[in-house]
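# Reading the structure
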Amino acid sequence: TPEDYPCAAINEHLSMQMAKAAGFDVPECGLLAFADTDEQAYVIRRFDRIGDEKLHHEDMMQIFNFNNTNSNAKYDAATYLDVLNKCAELAGLGVALECFRRLIFNYLIGNNDFHLKNISVMHEKTIKLTPMYDCLNSEIYSGDLDSPLALSVTDNDDALPYYGTMLNGFYALPDFLALAEMARIKEKPARRSIARIVQLQKNFIDMVYVSNLEENLKEKYIAIIEQRAKLLSLESPSD
């Protein structure tokens, strides 16, 4: 209900504008005001239609041929490593790197709902990721006990260098570099991708400040960005 997710439309529009600022493929989107109310609706142009023609796209649940009858499957049927490997298998390491970049961005902004149904590919002359969708800071609504990521990073996250050592429930730069290595993404482009997103921290915070989010939500959003930017800048668990 709107009471459970205040400013959700503003949150999603803001987050998508951040994604656009970071250079991701984002459909046209905006906010529409309801008459006689302060509520706003988030609207987005469909990317899977040209007129009446349906464009062939699949989410990762479909690609892995997972059954949708289990509502939790989109969270626990595969890991991000599985997803990156599948992207590389279908479309090459360039698409895997792009998916890796999206994971880093979603982690930075506190979107802990980047699950298998929110990662999709378009089947065109070549296979590529769809534009981004369902991207917002979901963590400002979910509380401290939820995982900061929708999926596990690997089959054994306890073996990751930061997550497995610090035992605080968060992931840091060494974990994502380990993920990249396991997915056969070279360290240099992985590091560069992370650094470029972290460097946008101030821009993102400025965007939150000038948004129409409620003040307490602005504070939460900014705190998450600052926390994640620090984690994504750590070179070792002891830093």
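Notes on the structure in this doc start here. (Residues numbered from 1 in each chain as written. Predicted model: local features only at pLDDT ≥ 70, side-chain atom pairs only at ≥ 80, totals over all residues. Heavy atoms only, no water.)

Let us look at the layout of surface pockets. The space that makes up the largest pocket amounts to roughly 340 Å³. Together, 17 residues line the largest pocket, and Tyr5, Asn112, Asp113, Leu136 and Ser138 are the ones closest to its centre. For the lining of the largest pocket, the secondary-structure elements that each account for two or more residues are helix H1 (8-21) and helix H6 (139-142). Counted by class, the lining of the largest pocket contains 7 nonpolar, 6 polar and 4 charged residues. (1 Å grid on protein atoms, 1.4 Å probe; cavity = no way out; pocket = protein on both sides within 12 Å on 5 of 7 lines; lining within 4 Å. Points joined across faces, edges and corners; volume = space filled by probe spheres on them. Helix = DSSP H or I, 4+ residues; strand = E, 2+ residues; numbered from the N terminus. Nonpolar A, V, L, I, M, F, W, Y, C, P; charged D, E, K, R; others polar.)

Enumeration according to the criterion identifies 0 disulfides in this entry. The cysteine Cys87 is free of any disulfide, with Cys99 supplying the nearest cysteine sulfur at 4.2 Å. Residue Cys135 stays outside any disulfide, its sulfur separated by 9.8 Å from that of Cys29, the closest cysteine. The buried category is assigned to Cys135, whose relative accessible area is 1%. (Disulfide = S-S within 2.5 Å. Buried < 20%, exposed > 50% of the residue type's maximum accessible area, 1.4 Å probe, protein only.)

This part covers the side chain of Ser15. Of note, Ser15 is situated in helix H1. On the accessibility criterion, Ser15 (0% relative accessible area) is buried. Not counting residues within four places of it along the chain, the set of residues in contact with Ser15 comprises Phe105, Ile109, Cys135, Leu136, Asn137 and Tyr221. (Contact = heavy atoms within 4.5 Å.)

Assignment of secondary structure puts Glu139 in helix H6. With residues up to four places along the chain from it excluded, the contact list for Glu139 reads Gly110, Asn112, Pro148, Ile224 and Arg228.

We now examine empty space enclosed by the protein. Enumeration according to the criterion identifies 1 cavity of 30 Å³ or more in this entry. In this structure, the largest cavity encloses a volume near 90 Å³.

In this section: the sheet that holds strand S5 (residues 57-59). The strands making up a sheet associate through hydrogen bonds between their backbones, and the pairing can be parallel or antiparallel. Read across the open sheet, the 3 strands follow the order S5-S6-S7; overall the sheet is antiparallel. Edge positions in the sheet fall to S5 and strand S7 (127-129), since each has one partner strand and no second. In this sheet, adjacent strand axes meet at a mean angle of 25 degrees when their direction is disregarded. Of the strand pairs in this sheet, S5 and strand S6 (residues 120-123) are connected by 3 bridges, and their pairing is antiparallel. Each residue of the ladder has a partner; that of His57, found in S6, is Met122. (Pairing = 2+ DSSP bridges. Axes fitted to C-alpha atoms, helices over the stretch in contact; angles between N-to-C directions.)

It is worth spelling out the pattern of salt bridges at this point. Going through the model one piece at a time under the given rule, you end up with 11 salt bridges. The closest approach of N and O atoms between Arg228 and Glu139, which form a salt bridge, is 2.7 Å. Residue Arg228 is found in helix H11 (residues 215-231), and its partner Glu139 is found in helix H6; the two are separated by 89 residues along the sequence. The pair formed by Arg228 and Glu139 is uniform in burial state, with each residue classed as buried. Across the pair Glu187 and Arg191 runs a salt bridge whose closest N-O atoms are separated by 2.7 Å. (Salt bridge = Lys/Arg side-chain N within 4 Å of Asp/Glu carboxyl O.)

What follows is about helix H5 (residues 93-109). Counted at 1.5 Å a residue, the expected span for H5 with its 17 residues is 24 Å, and the 24 Å between its end C-alpha atoms agrees. Within H5, 13 of the 17 residues are buried, which leaves the element mostly enclosed by the surrounding structure. Following H5 by one or two positions, Gly110 has its phi on the positive side, about 80 degrees. (Expected span 1.5 Å × (residues − 1).)

It is worth spelling out the packing of H5 against helix H8 (residues 173-182) at this point. Contact geometry of H5 with H8 gives a least axis separation of 12 Å together with a crossing angle of 165 degrees. With respect to each other, H5 and H8 are oriented roughly antiparallel. Remark: the crossing between H5 and H8 carries right-handed chirality. From H5, Phe100, Leu103, Ile104 and Tyr107 reach across to H8, where they touch Phe176, Leu179 and Ala180. (Parallel < 35°, antiparallel > 145°, perpendicular 65-115°, else oblique. Left-handed = near helix turned anticlockwise from the far one by under 90°.)

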